[in-house]
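Structural description and commentary
Spelled out, the chains give:
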Amino acid sequence: GAGVSQSPSNKVTEKGKDVELRCDPISGHTALYWYRQSLGQGLEFLIYFQGNSAPDKSGLPSDRFSAERTGGSVSTLTIQRTQQEDSAVYLCASSLGGPRDTQYFGPGTRLTVL
Amino acid sequence: GEDVEQSLFLSVREGDSSVINCTYTDSSSTYLYWYKQEPGAGLQLLTYIFSNMDMKQDQRLTVLLNKKDKHLSLRIADTQTGDSAIYFCAEIVGNDYKLSFGAGTTVTVRA
């Protein structure tokens, strides 16, 4: 498709389970970003990829969070041993790759941890 | 606290102009953005402005930047019901790549 896609659109899980969230960036975009949107914290940056490498993981809230990107395209955000405070909308964005290039967002994955 | 601040709510009558305000604290902000989020949807880029500009107009949207006061505004002319959404102001500082967002302004358009 023409835009950033994310799956699943909604995920309900039980506390303690692991979840994987997927992002398909716009074709040709080398930069990929994960953000989290939650009621208490607003929109927060999580991690940034340039190609397959992640030069900035500073936004990941704990070591339960990890992300990878393969083939310079699809990225997976993994949350291990989910907690209720992980409930949020996880947004992915991609851009052409230069600093300050416009970031285009996907529709997000709404994660609910029971 | 956040480096980008916005008022939380705005109610406007259909057909009137809406003005959404934002202040930022980092004088080295280079690009400033307005994103729109409709219920249950992701973020849609509306417009952006470079820090060396004072104004940018795009159809019904006008962005004004006052660098001295670190103030950014988005004016929507002839506001329609489809403009009801949350509007986020965001900045990129210097040569950085991550967006820093304000809390968002919820705009409600009433008939």
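Above this note sits the structure.
The text that follows walks through the structure, step by step, so that each part is easy to find. (Residues numbered from 1 in each chain as written. Chains lettered and ligands numbered in written order. Predicted model: local features only at pLDDT ≥ 70, side-chain atom pairs only at ≥ 80, totals over all residues. Heavy atoms only, no water.)

In this section: the interface of chain B and chain A. At the interface, 19 residues of chain B touch 17 residues of chain A. A buried area of about 1600 Å², summed over both sides, lies between chain B and chain A, and 57% of it is on carbon and sulfur atoms. For the chain B face of the interface with chain A, the top three residues by lost area are L43, Y97 and K98 of chain B, together amounting to 35%. Between the two partners, chain B and chain A, sit 1 salt bridge. With a closest N to O distance of 3.3 Å, K98 of chain B and D56 of chain A form a salt bridge. The interface formed by chain B and chain A contains 6 residue pairs in polar contact (both at pLDDT 80 or more). For the side of chain B that touches chain A, the secondary-structure elements that each account for two or more residues are strand 4 (29-37), strand 5 (43-50) and strand 9 (85-93) of chain B. The element contributing the most residues to the side of chain B that touches chain A is strand 4 of chain B, with 5 residues. (Contact = heavy atoms within 4.5 Å. Buried area = accessible area lost by both parts, 1.4 Å probe. Salt bridge = Lys/Arg side-chain N within 4 Å of Asp/Glu carboxyl O. Polar contact = N/O pair within 3.5 Å; in protein donor to acceptor, adjacent residues only side chain to side chain. Helix = DSSP H or I, 4+ residues; strand = E, 2+ residues; numbered from the N terminus.)

The subject of this paragraph is the pattern of salt bridges. Residue and element names in this part refer to chain A. Following the criterion strictly, the structure yields 7 salt bridges over all chains and no others. A salt bridge links D24 to R22; the nearest nitrogen and oxygen atoms lie 3.0 Å apart. Residue classification places D24 among the partly exposed residues on the basis of a relative accessible area of 22%. A relative accessible area of 38% means that R22 is categorised as partly exposed. For R36, the salt bridge goes to E44, with nearest N and O atoms at 3.2 Å. When its relative accessible area of 8% is taken as the criterion, R36 is described as buried. (Buried < 20%, exposed > 50% of the residue type's maximum accessible area, 1.4 Å probe, protein only.)

Residues and elements named next belong to chain B. Judged by pairing direction, the sheet is antiparallel, and its 5 strands sit side by side in the order 1-3-8-7-6 without closing on themselves. Unpaired on one side and paired on the other, strand 1 (4-6) and strand 6 (55-58) mark the two borders of the sheet. Strand-to-strand, the axes of this sheet are offset by a mean angle of 15 degrees, without reference to chain direction. Both strand 7 (residues 61-66) and strand 8 (residues 71-76) contribute to a ladder of 6 bridges, which runs antiparallel. Each bridged residue has a counterpart across the sheet, and for N66 the counterpart in strand 8 is H71. (Pairing = 2+ DSSP bridges. Axes fitted to C-alpha atoms, helices over the stretch in contact; angles between N-to-C directions.)

Residue and element names in this part refer to chain A. Mapped onto the elements of the fold, L21 is located in strand 3 (residues 19-24). Its relative accessible area of 0% is what places L21 among the buried residues. Separated by 57 residues in sequence, L21 and T78 have C-alpha atoms that sit 6.3 Å apart.

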